[in-house]
Amino acid sequence: MVRIIQLSVTTLEKHYSSLTICLVGISQTSHEEAQKLPDPTLPISGTDMYLIELDVWHELHCLNDLRMLLYPERFPGLEELRLQNGTIDRNTDSFRQWGG
């Protein structure tokens, strides 16, 4: 039997925030390892390390923006993500790939 749990929007927001805050996903790597990456990265000022991030954390960030756009009354100020043609200024290609 499937049990459906309905959470208040406030409780749901707390859960989502704790996930994204605790698991930021930004890491660092050496110059040698950074040279092997398919896409360029940025050096961390004052060190010989470079920034890296697993794509899943970037996808979660963009997915959260899309989620918040569905509730403009609760999350005002995100309309700047909407382009003039009505589309969202987020990389949705990876989401499309999830569908097969």
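About the cut-offs
Residues numbered from 1 in each chain as written. Predicted model: local features only at pLDDT ≥ 70, side-chain atom pairs only at ≥ 80, totals over all residues. Heavy atoms only, no water. pLDDT = per-residue confidence, 0-100. Helix = DSSP H or I, 4+ residues; strand = E, 2+ residues; numbered from the N terminus. Salt bridge = Lys/Arg side-chain N within 4 Å of Asp/Glu carboxyl O. Buried < 20%, exposed > 50% of the residue type's maximum accessible area, 1.4 Å probe, protein only. Expected span 1.5 Å × (residues − 1). Patch = residues over 30% accessible without salt bridge, like charges linked within 9 Å, V, L, I, M, F, W, Y side chains within 5 Å. Areas by Shrake-Rupley, 256 points an atom, 1.4 Å probe, with all protein chains shown as cover. Contact = heavy atoms within 4.5 Å.

Caption draft 1: Quick peek at the confidence of the model for the protein. In this model, the protein carries a mean pLDDT of 75, and residues with pLDDT of at least 70 account for 69%. Helix H4 (residues 93-98) is the least confidently modelled element of the protein, averaging 56 in pLDDT, while helix H2 (residues 31-35) averages 94, the highest of any element.

Caption draft 2: Structural view of the pattern of salt bridges. Across all of its chains, the model carries one salt bridge by this definition. Close ionic contact of Lys36 with Glu33 constitutes a salt bridge, the shortest N to O distance being 3.2 Å. The class of Glu33 is partly exposed, set by a relative accessible area of 38%.

Caption draft 3: Spatial organisation of helix H3 (residues 55-69). In this model H3 runs 21 Å from its N-terminal to its C-terminal C-alpha over 15 residues, within 8% of the 21 Å that 1.5 Å per residue would give. Listing the buried residues of H3 in full gives Glu59, Cys62, Asn64, Asp65, Arg67, Met68 and Leu69.

Caption draft 4: Spatial organisation of a nonpolar patch on the surface. The grouping of Ile26, Leu42 and Leu51 at the surface amounts to a nonpolar patch, some 290 Å² of accessible area in total. Within the secondary structure layout, Ile26 lies in strand E1 (residues 26-30). A relative accessible area of 54% places Ile26 in the exposed class.

Caption draft 5: Geometry of the environment of Leu51. Along the chain, Leu51 falls in strand E2 (residues 49-53). According to the relative accessible area criterion, Leu51 is partly exposed, its value standing at 36%. When the C-alpha positions of Leu51 and Ser27 are compared, they lie 6.0 Å apart, and in sequence the two are 24 residues distant. Discounting residues that sit within four places of it in the chain, Leu51 has contacts with Ile26, Ser27, Thr41, Leu42 and Ile44.

Caption draft 6: Molecular detail of the side chain of Thr29. Position of Thr29 among the secondary structure elements: in strand E1. Ignoring anything within four residues of it in the chain, the contact list for Thr29 reads Ala34, Met49, Tyr50 and Ile52.

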